[in-house]
Amino acid sequence: QVQLVESGGGLVQAGGSLRLSCAASGSTFSITADGWYRQAPGKQRELVATIRRGGSTGYADSVKGRFTISKDNAKNTVYLQMNSLKPEDTGVYYCNAKIATATLGTDDYWGQGTQVTVSS
């Protein structure tokens, strides 16, 4: 079992920056990948960035070049550095952790979400 707690959201002007943090506890040794998702009102949750065991990363096209995901393994904390923020980045951001199962599937764990609001 993994517990995730996000922090770092807030209100920022367009063009500004924020850094989100997601602290993991519990069976963190079993996490195979971490990610950040976001959900705007009335919209589906979408993947923003992912970081896999070993350090490889992936990003949604909409945030490439602006967002960076990283992880401090010693602290079991994943970060999302968001630069050049745009109003369309507004939404609730959720961190995610995937744990591989014995059958080669995965279980997903989610944080409670942190609000990011970008004003124009």
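Owing to the predicted nature of the structure, the values given are computational and were not obtained by experimental measurement.

J.: Would you mind showing me how to read the sheet that holds strand S8 (residues 77-82) here?
T.: In any sheet, the strands associate via hydrogen bonds between backbone groups, in a parallel or an antiparallel arrangement. Pairing is antiparallel across the open sheet formed by four strands, whose spatial order is S1-S3-S8-S7. The open sheet has two edge strands with one neighbour each: strand S1 (2-7) and strand S7 (67-72). Across the sheet, the mean angle separating the axes of adjacent strands is 15° when strand polarity is ignored. Pairing of S1 with strand S3 (residues 18-26) involves six bridges; the strand directions are antiparallel. Residue pairing across strands places valine 2 opposite glycine 26, the latter belonging to S3.

J.: Honestly, the packing of aromatic side chains in this entry has me stumped. Any pointers?
T.: Each aromatic ring pair is summarised here by two numbers: the centre-to-centre distance and the angle between the ring planes. Counting across every chain of the model gives one aromatic pair. Arranged with centres 4.8 Å apart and planes meeting at 65°, the rings of tyrosine 37 and tryptophan 110 form a pair that is edge-to-face. Of this pair, tyrosine 37 sits in strand S4 (residues 31-39) while tryptophan 110 is found in strand S10 (residues 106-110), placing the two residues 73 residues apart along the sequence. Residue tyrosine 37 is classed as buried on the basis of its relative accessible area of 15%.

J.: I would appreciate a short explanation of the pairing of strand S11 (residues 114-119) in the present structure.
T.: Strand residues, when the strand is regular, have side chains that alternate between the two faces of the sheet. Side chains Thr114, Val116 and Val118 project from S11 onto a buried face, and the interleaved Gln115, Thr117 and Ser119 project onto a face without burial. Bridge analysis of strand S9 (residues 91-100) against S11 gives three bridges, and the strand direction is antiparallel. If you follow valine 92 over to S11, its bridge partner there is glutamine 115.

J.: It is not clear to me how the side chain of aspartate 34 should be interpreted in this structure. Could you clarify?
T.: Among the secondary structure elements, aspartate 34 is positioned in strand S4. Apart from residues no more than four positions distant in its own chain, aspartate 34 is found in contact with Ala49, Thr50, Ile51, Ile69, Lys71, Val78, Asn96 and Ala97.

J.: Honestly, the nonpolar core in this entry has me stumped. Any pointers?
T.: Soluble, globular proteins show a tendency: their nonpolar side chains are buried together. Judged by nonpolar contacts, the single largest core of 27 residues is most densely connected at Trp36, Leu80, Met82 and Tyr93. Looking at this core, the elements that each hand over two or more residues are S1, S3, S4, strand S5 (46-52), S7, S8, S9 and S11. Ignoring any residue separated from it by four or fewer positions in sequence, one finds tyrosine 93 in contact with Glu6, Leu20, Trp36, Tyr37, Arg38, Val48, Phe67, Leu80, Met82, Gly113, Thr114 and Val116.

J.: What am I meant to see in the pattern of salt bridges here?
T.: A side chain with one charge can pair with a side chain of the opposite charge if their charged atoms come near. Summed over the entire model, instances satisfying the criterion amount to six salt bridges. A salt bridge links lysine 71 to aspartate 34, with the nearest nitrogen and oxygen atoms 2.7 Å apart. With lysine 71 in strand S7 and aspartate 34 in strand S4, the pair connects residues that are 37 residues apart, well separated along the chain. Classification of lysine 71 by relative accessible area gives partly exposed; the value is 25%. Here glutamate 46 makes a salt bridge to arginine 38, at a shortest N to O gap of 2.8 Å. The network of salt bridges with shared partners includes Arg38, Glu46, Arg66 and Asp89.

Reading the values: the criteria
Residues numbered from 1 in each chain as written. Predicted model: local features only at pLDDT ≥ 70, side-chain atom pairs only at ≥ 80, totals over all residues. Heavy atoms only, no water. Pairing = 2+ DSSP bridges. Helix = DSSP H or I, 4+ residues; strand = E, 2+ residues; numbered from the N terminus. Axes fitted to C-alpha atoms, helices over the stretch in contact; angles between N-to-C directions. Phe/Tyr/Trp six-rings, centres within 6.5 Å; stacked < 30°, edge-to-face > 60°. Buried < 20%, exposed > 50% of the residue type's maximum accessible area, 1.4 Å probe, protein only. Contact = heavy atoms within 4.5 Å. Core = buried A, V, L, I, M, F, W, Y, C linked by side-chain atoms within 4.5 Å. Salt bridge = Lys/Arg side-chain N within 4 Å of Asp/Glu carboxyl O.

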